[in-house]
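Next come the chains, spelled out residue by residue.
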Amino acid sequence: MSEQESTRTTQTPPEKLKTRTLFHRKYSRGKDGRTATPYDEYWSFAHAVRDLVIDRFVATQQHYLDRDVKRLYYFSMEYLVGRLLKSNLLALDMLGPGREALGQLGLNPEAMFERDTEAGLGNGGLGRLAACYMDSLATLEYPAYGYGLRYEHGIFRQEFQEGWQRERPDDWLSTGYPWEMVRPEYVQPVCVYGRLEDVRDPHGGTFQVWTDWQMFEGVPYDIPVIGYKVNTVNMLRLWSARAAEGFQLDVFNQGDYVRAVEEKNWAENVTKVLYPSDNTQAGRELRLIQEYFLVTCSIRDLVRRYLKNHHDWEDFPEKNAIQMNDTHPALAVAELMNVLCYEHDVPWDKAWDLTVRTLGFTNHTLLPEALEEWSEDLLRRVLPRHMEIIYRINHQFLQRVQLSRPGNDALLQKVSLIEEGERKKVRMAHLAVVGSHAVNGVSELHSRLVRERVMPEFADLKPDRFINITNGITHRRWLVQCNPELAELITSRIGDEWIYDLEQLKRLEPEIEDPDFRTRFLEIKHRNKARLAEYIHETTGVDVPPDSLFDVQIKRLHMYKRQLLNAMHIITLYRRLKHNPGMEITPRTFIFGAKAAPAYLLAKRVIKLINTLGDVINKDPEVDGRLKVVFLPDYNVSLAEKIIPAADLSEQISMAGKEASGTGNMKLALNGALTIGTWDGANIEIAEHVGEENIFIFGRREEEFEDLRRDGYNPWQYYDRNPELKGVLDSLKDNEYEPEDPDVFRELFDELTAHGDPFFYLADYRDYIETQQRVAECYRDRERWCRATLLNVARMGWFSSDRAVRQYAEKVWNLEPVEVRDVGRIST
Ligand code: 26W
């Protein structure tokens, strides 16, 4: 088959996909029908799909260049992209034809989708948010680029060994990744280490040069990001580190071949692995180099692009917006100054003005252990020029503070970019705030706490800089793709406008009165649950009844998220049943998915506890059919897509004030789960939208914890006064569940008692258990439950990432959509 033949426009879409697949099987894989492995088939089909976007990809990039449009650059150390085969087909409106083509080729579409590689280049919420925003940006036709790192190993694969988490490397690139395109022509040099040296200038002054650095380089790999049913195809550009070509030549020439190769390895280590800690800063040199590597490659790349159309810097902020996803890329402030001042001779004050107008900063966490601080020694050793730049920024900033609030030394110390002390530290959040024109939190509550509790001095100095933009999710992946039957039911009632404008879901409300609509909804939920039950059986061997209430908690494992409180509810129910075997309860299946940071021992013990409870409870004939507990291993984006459509109850039970927003809460509610949650993060706004009568809120509020703490919180009081709670805790201490290892849960008991219960489990326990009781009763009233869930679906439209991205475009980026019209030939 000739190239021309394979792209003939007279072919129907399935025919075209089929011929392209056969083409790739032969010419990209060198295989035929007899020799092709399932992987060859997958590879060929994925390339066939990729071919369909190339014209739009090229046209989009050309269009941006020709019109010299303003672009957004999203800087993020994490992108939890998930699989792309199905979502790309969906964006191209080719899911049906794709299935048909696969069928005609004798391939099973579902098996093909399962084979698709999951790009797990993130830890949790922050990385998944970045991926949702990339989707919305392309769909809304914003000129946007994601910049990130191409880690060779993404988030680890999780296995369980006797109930304990074991980490295995994620080898997502080992068989090649069909969605990326390497661009060696845009390689960027990166320098680290070395020193500043004073050099005399011809006029008798001195200036400093950065010398003796080590150089390596960043190679970009582009992943197309396809807007939904539009021509826009943006890109996610991920940098991969390698030794600079010719860099080790002198070492080679000295004959020290082995050392030269070792140095090559050093460079390749930079993007070897994603740091697997969520919300705790590692403080490690390699991590700092990773952060700088992202920032320097990306800034040089976007400056290169800007200079194609511009000869001065005047318009830089009118043409470029950079968003820093948390402080991880905050060195962008210093690097942009470095590039402007030291490489392009822009005067300092001018460069500072351009920098601040270009940058925006989003904060995603209040946890003190997550706030990034780098020791001044380390920063100076790795990036001597940047350390000097940071000092100069700080000096000028503190001078301005002094002018506006004279004589306040305490204030200066508080807001300084440098924390004084035995070892000086650089406060990355301060650097990000000072260097940005807009700073936002990710929910109303969180943004208020950023202003009031974390940075009151900054909020006072620059009140207009601090804003809120509540997170959102892409309903294209999190409803249309993962719950196709529900999507179809919705479309059958209100048309498909809602896929472009999720607020249209409101129009479902009158439909809820129609019993036929409700029945169909319940049938779909039931089928989703049956499918998940099958998956649970296949992966864990546990049989769960699809009629039981599917009670779901899926998120990273962290003490503040309180999976252990959920476990305490399980123990409570189990103990009640054991004491009173005839008791009537609403049958429940508890479903967990969570990875713990490898060094987070307490969190790993919680995983062990839940697995142990599962072993005991699932085997106990006395509770059979009434209680089941499953912890699904290796929670990731694809697994979330299986669990979410099947959930009845969404557990959002973090200690109030700790969960910045949460986004799983939105995905679950949108798919018809009711939330049991604390007054935290975006739960509050979900309650406001769905109505407090359609959500189960419990527990103390953030300010109540402040009071409790001030008055001297004593968990033992709760232990002594609530016999049921005491029974639950004692069962951990006395280890009723794993007699061979008597002390295994002792640490959990101690955490909640002797160690002071830092996340107030005991203070919220009673309310949680009582609220769970109300949930159970409500679930028995099928009609009431169904109405409430449908009201949730109908009222969740505001939580689309389309809304969030529009708010960023308006409030932070000053960015306009650009329609890509002239696609030479749209190839579908
Ligand atoms: C440097 C170590 C480190 C790593 C990751 C510190 C902090 C992080 C992230 C900021 C943690 C994170 O993912 N935060 C989550 O961000 C989501 C998106 O805004 C929110 O929905 C979650 O509530 C928040 O925990």
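Here, every reference points to the structure presented above.
Presented here is a report on the structure given in the accompanying data block. (Residues numbered from 1 in each chain as written. Predicted model: local features only at pLDDT ≥ 70, side-chain atom pairs only at ≥ 80, totals over all residues. Heavy atoms only, no water.)

### What about the overall build of the chain?
Part 1 of the reasoning: Within the chain, the secondary structure is distributed over 34 helices and 25 strands.
Part 2 of the reasoning: Each principal axis of the C-alpha distribution contributes one length, and for the chain these read about 95 × 75 × 60 Å.
Part 3 of the reasoning: Each of the 828 residues in the chain was classed as buried or not, and the buried ones make up 62%.
Part 4 of the reasoning: For the chain, restricting intrachain contacts to residue pairs at least 6 apart in sequence, the fraction spanning at least 24 positions comes to 77%.
Part 5 of the reasoning: If you sum the accessible surface of the chain, you get close to 31600 Å²; carbon and sulfur atoms cover 48% of it.
Part 6 of the reasoning: Here the chain carries 106 positive and 130 negative side-chain charges, and the mean point of each set is 2 Å from the other. (Helix = DSSP H or I, 4+ residues; strand = E, 2+ residues; numbered from the N terminus. Buried < 20%, exposed > 50% of the residue type's maximum accessible area, 1.4 Å probe, protein only. Contact = heavy atoms within 4.5 Å. Areas by Shrake-Rupley, 256 points an atom, 1.4 Å probe, with all protein chains shown as cover. Lys, Arg positive; Asp, Glu negative; His and termini not counted. Charge placed at Lys NZ, Arg CZ, Asp CG, Glu CD.)

### Some words on the state of the cysteines
Disulfide: a covalent bond formed between the sulfur atoms of two cysteine residues.
Part 1 of the reasoning: Scanning all chains against the criterion turns up zero disulfides.
Part 2 of the reasoning: Of all cysteine sulfurs, the one in C482 lies closest to C132, which takes part in no disulfide; the gap is 11 Å.
Part 3 of the reasoning: Residue classification places C132 among the buried positions, given a relative accessible area of 1%. (Disulfide = S-S within 2.5 Å.)

### What about the packing of helix α2 (residues 13-27) against helix α5 (residues 95-104)?
Part 1 of the reasoning: Axis separation between α2 and α5 bottoms out at 8 Å; the angle between their running directions is 55°. By the angle class used here, α2 and α5 are oblique. Viewed along their axes, α2 and α5 form a crossing whose handedness is right-handed. Residue-level inspection shows P13, P14, L17 and K18 of α2 in contact with α5, the latter providing P97, G98, E100, A101 and Q104.
Part 2 of the reasoning: Residues that form the contact of α2 with α5 fall into these classes: five nonpolar, two polar and two charged. (Axes fitted to C-alpha atoms, helices over the stretch in contact; angles between N-to-C directions. Parallel < 35°, antiparallel > 145°, perpendicular 65-115°, else oblique. Left-handed = near helix turned anticlockwise from the far one by under 90°. Nonpolar A, V, L, I, M, F, W, Y, C, P; charged D, E, K, R; others polar.)

### Here we look at empty space enclosed by the protein
Leftover empty space is mapped by rolling, across the atoms, a probe with the size of a water molecule.
Part 1 of the reasoning: Counted by the stated rule, this structure contains six cavities of 30 Å³ or more.
Part 2 of the reasoning: Here the largest cavity is characterised by a volume of approximately 900 Å³.
Part 3 of the reasoning: Looking at the lining of the largest cavity, the elements that each hand over two or more residues are α7 (125-139), α25 (637-643) and α26 (664-670).
Part 4 of the reasoning: In terms of residue count, the dominant contributor to the lining of the largest cavity is α7 (four residues).
Part 5 of the reasoning: Taken together, the residues of the lining of the largest cavity break down into 17 nonpolar, 17 polar and 14 charged.
Part 6 of the reasoning: Put simply, the second largest cavity is a space of about 290 Å³.
Part 7 of the reasoning: If you go around the second largest cavity, you meet 20 residues; those closest to its centre are L84, S87, D135, V225 and R477. (1 Å grid on protein atoms, 1.4 Å probe; cavity = no way out; pocket = protein on both sides within 12 Å on 5 of 7 lines; lining within 4 Å. Points joined across faces, edges and corners; volume = space filled by probe spheres on them.)

### A look at the site of the ligand
Part 1 of the reasoning: Close to the ligand lie 22 residues, the nearest being H364, N471, E659, S661 and G662.
Part 2 of the reasoning: At a separation of 3.0 Å, an oxygen atom of the ligand approaches a polar backbone atom of L126.
Part 3 of the reasoning: The cavity that encloses the ligand is the largest cavity.
Part 4 of the reasoning: Tallying contributions element by element places α7 first for the shell around the ligand, with three residues.
Part 5 of the reasoning: Classifying every residue of the shell around the ligand gives six nonpolar, 11 polar and five charged. (Near = heavy atom within 4 Å. Polar contact = N/O pair within 3.5 Å; in protein donor to acceptor, adjacent residues only side chain to side chain. Sits in = over half its atoms within 2 Å of the grid points.)

### Considering the pairing of strand β14 (residues 359-362)
Part 1 of the reasoning: Alternating residues of β14 divide into L359 and F361 and G360 and T362, and every residue in both groups is buried.
Part 2 of the reasoning: Examined bridge by bridge, β14 and strand β18 (residues 438-441) share three bridges and lie parallel to one another. When the bridges of β18 are listed, F361 appears paired with V439. (Pairing = 2+ DSSP bridges.)

### So, the sheet that holds strand β16 (residues 418-419)
Part 1 of the reasoning: What the three strands build is an open sheet, ordered β15-β17-β16; its pairing is antiparallel. Edge positions in the sheet fall to β15 (373-375) and β16, since each of these pairs with one other strand and no more.
Part 2 of the reasoning: Pairing between β16 and strand β17 (residues 425-427): two bridges, direction antiparallel. Each bridged residue has a counterpart across the sheet, and for I418 the counterpart in β17 is V426.

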